[in-house]
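The primary structure of each chain is shown beneath.
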Number of protein chains: 4
Amino acid sequence: MAQAPLRFGLIGAGRIGQVHAAGIAADEDAVLVRVADSFVAGAQRVAARYGGIPSGSADEVITAGDIDALLVASPTPTHVDLISAAVDVGIPVLCEKPIDLDLTRVDALRSKVAASGVPVALGFNRRFDPGFASARARVAAGEIGELEQLSIISRDPTPPPAAYVGVSGGIFRDMTIHDFDMARFFLPDIVEVAAFGSTTFDDGAREHGDFDTAAVLLRGASGAIATITNSRHSAFGYDQRLEAFGQRGMLQVANAGTSLVSLFTASAVEAKPPYQEFFLERYAVAYAAELREFIRLVRGEPSTSPTYEDGRAALVLADAAQRAASEHIAVRVGIG
Amino acid sequence: MAQAPLRFGLIGAGRIGQVHAAGIAADEDAVLVRVADSFVAGAQRVAARYGGIPSGSADEVITAGDIDALLVASPTPTHVDLISAAVDVGIPVLCEKPIDLDLTRVDALRSKVAASGVPVALGFNRRFDPGFASARARVAAGEIGELEQLSIISRDPTPPPAAYVGVSGGIFRDMTIHDFDMARFFLPDIVEVAAFGSTTFDDGAREHGDFDTAAVLLRGASGAIATITNSRHSAFGYDQRLEAFGQRGMLQVANAGTSLVSLFTASAVEAKPPYQEFFLERYAVAYAAELREFIRLVRGEPSTSPTYEDGRAALVLADAAQRAASEHIAVRVGIG
Amino acid sequence: MAQAPLRFGLIGAGRIGQVHAAGIAADEDAVLVRVADSFVAGAQRVAARYGGIPSGSADEVITAGDIDALLVASPTPTHVDLISAAVDVGIPVLCEKPIDLDLTRVDALRSKVAASGVPVALGFNRRFDPGFASARARVAAGEIGELEQLSIISRDPTPPPAAYVGVSGGIFRDMTIHDFDMARFFLPDIVEVAAFGSTTFDDGAREHGDFDTAAVLLRGASGAIATITNSRHSAFGYDQRLEAFGQRGMLQVANAGTSLVSLFTASAVEAKPPYQEFFLERYAVAYAAELREFIRLVRGEPSTSPTYEDGRAALVLADAAQRAASEHIAVRVGIG
Amino acid sequence: MAQAPLRFGLIGAGRIGQVHAAGIAADEDAVLVRVADSFVAGAQRVAARYGGIPSGSADEVITAGDIDALLVASPTPTHVDLISAAVDVGIPVLCEKPIDLDLTRVDALRSKVAASGVPVALGFNRRFDPGFASARARVAAGEIGELEQLSIISRDPTPPPAAYVGVSGGIFRDMTIHDFDMARFFLPDIVEVAAFGSTTFDDGAREHGDFDTAAVLLRGASGAIATITNSRHSAFGYDQRLEAFGQRGMLQVANAGTSLVSLFTASAVEAKPPYQEFFLERYAVAYAAELREFIRLVRGEPSTSPTYEDGRAALVLADAAQRAASEHIAVRVGIG
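Source: prediction; values computed, not measured.

Draft legend 1. Inspection of the packing of aromatic side chains at higher detail. Going through the model one piece at a time under the given rule, you end up with 44 aromatic pairs over all chains. Measuring from ring centre to ring centre gives 6.1 Å for Phe236 of chain A and Phe245 of chain B, while their planes differ by 80°; the resulting arrangement is edge-to-face. Placement of Phe236 of chain A in the loop between strand 10 (225–231) and strand 11 (239–246) and of Phe245 of chain B in strand 11 (residues 239–246) is noted, with the two residues assigned to different chains. Phe236 of chain A sits in the buried class, given a relative accessible area of 0%. Taking the relative accessible area as the measure of exposure, Phe245 of chain B reaches 0% and is therefore buried. Considering the side-chain rings of Phe264 of chain A and Tyr275 of chain C, the 6.4 Å spacing of their centres and the 40° angle between planes classify their relative orientation as tilted.

If you want it as structure tokens, here you go:
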């Protein structure tokens, strides 16, 4: 009954690549057989710890003929080509978000992916967070009746380096992209976007004409309205909350505390330590679940992995938000 | 040292008029001497309970010469004329919100009010809620550093009657008006408005071309961004929350519970009874504080009562939101 | 249909007497007609504010023939004689707790009160707190099944003056007496008591051989076990909590906050201002409800007012706790 | 710099033995080399999964000469002999609690352990729970000033099988033993014990003359008072809470939720799913930390592992509680 573990090739041995390498090593249905990074020493380090043959060449991994699945965790500009190459040889791909910062390039590959029938999943890890996943399942189960409003709050602890901001594609494509996907997770058919962006504290954003503070309105085809609130910093830790409001009630996903201990003194009560620092801790369980779901997808089992189309849709919304914020208009979108 | 209590005339003996009558009776610096309502029996009932001479004529109250202050709690279309008449005879006014649904009429009276020097205060009661007032004072005291984002959630328990919706001026002028003022309480100088509205559950709103669900983005001159989330219903009670997010932290105002008791069972833990039903309970303390602050204003003491200009500004924002939602644009506003 | 308001005589114009005077004045079924205090100026001040004829003589109040009910808020040593005198002339009494510090004196009056048929209620105000009352009603309604454990935490903000400690009868008779009654509110038939007391911070307690810190175990006839935790100080405000644990769940009564505002910063999240200072604020609503229930008792309507027997039972438990703590034994009690 | 991993022998391949086997396998400073269980197939299963040579003989493990440390997770009656045998050959032991149910046997081994200098640690895993450990460290750091009161609530989800109850030594030695150690973690020098026990719901307890419900008072030499509340069942999940109350405030350790999601409806707000089921989930992190600290102990590094003396002290308190509950007295104890 037991199937052989899926043999993974991993492209990218940076921070997020290491998360995936560890996840593959920990999952008994997966094994790491090849790791590539243009910085070969990085690939070697990951291979030494989690297994597999290190390499400086992504092509080598894809064409070696000994992998069942490809995990793409390399820089964004490489994603489209790597997906394309994997699809060519019929190897399923789990690719980190976003597919690309340029919708033209995403669209160029779109029909090929669809026609190939090769599973391509996007790394929208938050869908696999137990809190968000449970809230969405409970909405689907009707616990709050018809969904009418959705509020997503997403604030990073500290701004990224200025250099990164310059190549990030802007806050909507880089950071809000996760929230656009989360909005679509609850409200798949979004038809209109409005957005405001400001630059109030981050010199890196200022330097590159980007925003550090943003808010977005989304309207679903059903009339449901979603709001997204973003900031590139948060003094009290990683702020990741969601409220789904419906006809019969509300489901709320709270922040993840770091401790069960509260202090009560003459100056304050119920004071807890700040929230978790960042996504590696907050979404550790989600990364593992994302991988498991991708393995199911590859094996042809029922799977909820977000698809290439989901990756594209989030980018469509990001582009719309960018335009809405720049041109002071609400932008109609037709995804599909 | 003790001053004589302020002699109040009250116009309007409906639900909100009764709240003010009770407030005047309970405040040792105020006394109710005249009550008018076009439905005279209503005025008589209020006078019987809280004191004063009942009447069917507002003019009679204003011109009788025995009142020090006027409290206007009659239907919105009467506000402008009543303020005007009171200003003519130099009597300070505390007028329920909104001044009027038509900005033209508000503007027509504007310079007269300003020139008169007669104190005219607007009944934005939420400014006097201990939670909101404390949060705002703590923002002003620098507890969270520079204010960067503001989130206001405001949901009524149940939609108003369809007939009321028809004369309400629409959700932005009728309901969101409170939230526009609350946004200005924290962020006085608002320069841009975007808004989405939907009609998803309320037949009254559908019938009158109004929204039952809405969301608004506001941008302050500083770059700070506010979001407002509204619904005309809320299964779990009156939903009135606010978060002020800044450089160094966040202040959060929670809903008011109805009980300190939680239940823990095999199906759920920390389950509390639903929130308070509606504004009369939720803002009982605020109405009393609003009255006290108006008394200070009349007496020439330092006062934080919102002014005619505040009433006008909230209407400007409501008009802008209505236009933004209809025309799918972001609307630049210049209040002042 | 409306009955004439009950005419109250009040003995005692101190802090707690003033609470009751204000309560009588605010209740439309009650009117204050006489106030006595051995310090006549105090009686005069209360009468001037809340009505009634002031006097220096309690007897005068009781025998004047114009009161329907007596409220006893004078020092503890006077309670037994005042109840006795009121019973003699057939006037119902609401007496502040405790009846007396000496069980012999309480027992001496016991049969007379019982035989008289005159309603005598004890001022165990906490039974009327909405939180505790609701928890008890929900236990009675079976929400948690059979009651198995009860935890009462009761900590005052600061120790009383040393002089007061000297005449207080000790922590168990003075402070825990409320918690003994609360335990009996949930678990009427208590059969065994163990107790520990310590003196760890209060010089007043040390000087008078009293405890400032105590804990009590109580066993009900059903086998249910209650714990009481007391301290004469609490840095974070008045600490008044209760948990009723049963077969199918738990009901928890939380502390009463002073604000709906929480602060989130780099050092702590969800930090709220400290709890309410003391019983006048915490139990304001309870005092009003206690009075209403006593009025029902006097009028022969169904009433839940605690009785003379409840007052005696709490003292029996206090005596048992004192003995248990001193003699290092568990004390069997038979109340009744 | 890196040391060779510690070679562990494990005695006992049952539920808790498997937890330790997994912990050893997961810790890079430990390796499982031998596993013994009188039920050999169990040992084989554990060895197949986590490594090591399986055996039916504990002696074989201890005397093979290839282990650096022994982990004892076999039934309680075997603990004393196994510790003794390990000490004879100089092998450090981490032994599950309790050492034994009979203080005579514990005392018989006491001086030998002390004289041997061989590290013997007791498996009081809760000391290593991040919440309890942090609370204790913060008390030690003076955050709440002098410790005056300690409240420990500990309720299992469901009663053990009746057969287990019969050999458990009774609730105080079997279940409360953890809470006695936790009390000593905060308040090492306990001098007096009172206890109540009841049998209210569990037929197994009734059959074996044991309690299913218990409460304990402990007095520290400083005068600080601790209360322990136990139940053998809890409808809402594993109930593990603690409050340390001091001169300047309180530290509270809350239950561990299973989800960040709350539901708000017309019947209740903030309703969360029940707490974690039982100790394997609740203390998963604690087991890992316990092992790490034992490894430090074996290596001669500073370590906070609880000792043989800690194991004995908890049993002294359990015996005292049993006697206090049976004889209706408070029992003075001298630990040491």
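Draft legend 2. Geometry of the interface of chain D and chain C. Listed as interface residues are 44 residues of chain D and, on the opposing side, 43 residues of chain C. Summing the contributions of chain D and of chain C, the shared interface buries around 3,500 Å²; its carbon and sulfur component is 60%. Our enumeration of links across chain D and chain C arrives at 2 salt bridges. With its nearest N and O atoms 2.5 Å apart, the salt bridge here joins Arg241 of chain D to Glu243 of chain C. Our enumeration of links across chain D and chain C arrives at 20 residue pairs in polar contact (both at pLDDT 80 or more). Put simply, the parts of the chain that give the side of chain D that touches chain C at least two residues each are strand 7 (147–155), strand 8 (190–198), strand 9 (213–220), strand 10 (225–231), strand 11 (239–246) and strand 12 (249–253) of chain D. Residues that form the side of chain D that touches chain C fall into these classes: 19 nonpolar, 17 polar and 8 charged.

Draft legend 3. Region of interest: the interface of chain A and chain B. At the junction of the two partners, chain A supplies 44 residues and chain B supplies 44 residues. Ranking the residues of chain A by area buried against chain B places Phe196, Leu217 and His328 of chain A at the top, with a combined share of 21%. At the junction of chain A and chain B, the tally comes to 2 salt bridges. The interface formed by chain A and chain B contains 20 residue pairs in polar contact (both at pLDDT 80 or more). Where the side of chain A that touches chain B is concerned, the elements lending two or more residues are strand 7 (147–155), strand 8 (190–198), strand 9 (213–220), strand 10, strand 11 and strand 12 (249–253) of chain A. Its residues assigned to classes, the side of chain A that touches chain B shows 19 nonpolar, 17 polar and 8 charged.

Draft legend 4. Focus on the sheet that holds strand 9 (residues 213–220) of chain B. Taken in spatial order, the 8 strands make up an open sheet running 14(B)-8(B)-9(B)-10(B)-7(B)-11(B)-12(B)-13(C), and their pairing is mixed. What marks the edges here is a single partner per strand, and that holds for strand 14 (331–332) of chain B together with strand 13 (261–265) of chain C. Pairing between strand 9 of chain B and strand 10 (residues 225–231) of chain B: 7 bridges, direction antiparallel. Considered in strand 10 of chain B, the bridge of Ala215 of chain B is made with Thr229 of chain B. Its contacts with the sheet place helix 6 (residues 130–140) of chain B against strand 7 (147–155), strand 11 and strand 12 (249–253) of chain B together with strand 13 of chain C, and it is angled at close to 165° to strand 12 of chain B.

About the thresholds
Sequence order sets the numbering: in each chain, residues are counted from 1 along the sequence as written. Whichever chain is written first is A, and whichever ligand is written first is 1; the rest continue in order. For a predicted model such as this one, the threshold for reporting local features is a pLDDT of at least 70, and the threshold for listing and counting side-chain atom pairs is 80 or more; totals across whole chains, interfaces and linings nevertheless cover every residue. Heavy atoms throughout the structure, all of them, feed into the side-chain values; hydrogens and water do not. Between the rings of Phe, Tyr and Trp (Trp by its six-membered ring), a pair exists once the centres lie within 6.5 Å; its type follows the angle of the planes, with under 30 degrees stacked, over 60 edge-to-face, and the other angles tilted. Going along the chain from the N terminus, every DSSP run of H or I of four or more residues is numbered as a helix, and every run of E of two or more is numbered as a strand. Residue burial is assigned from relative accessible area. The probe radius is 1.4 Å, only protein chains are included, and a residue is buried under 20% of its type maximum, exposed over 50%, and partly exposed in between. Two residues qualify as a contact provided that any one of their heavy atoms is within 4.5 Å of a heavy atom in the partner residue. Accessible area that two parts lose when put together, evaluated with a 1.4 Å probe and summed over both, is termed the buried area. Whenever Lys or Arg places a side-chain nitrogen within 4 Å of a carboxyl oxygen from Asp or Glu, that contact is recorded as a salt bridge. Polar contacts, as counted here, are pairs of nitrogen or oxygen atoms within 3.5 Å of one another; within protein the pair requires one atom able to donate a hydrogen and one able to accept it, and residues that are adjacent in sequence qualify only if both atoms are side-chain atoms. Classification convention: Asp, Glu, Lys, Arg as charged; Ala, Val, Leu, Ile, Met, Phe, Trp, Tyr, Cys, Pro as nonpolar; all other residues, Gly among them, as polar. We treat two strands as partners when DSSP finds at least two bridges between them. For every element, the axis is a line fit to its C-alpha atoms; helices are fit only across the contacting stretch, and the angle between N-to-C directions ranges from 0 to 180 degrees.

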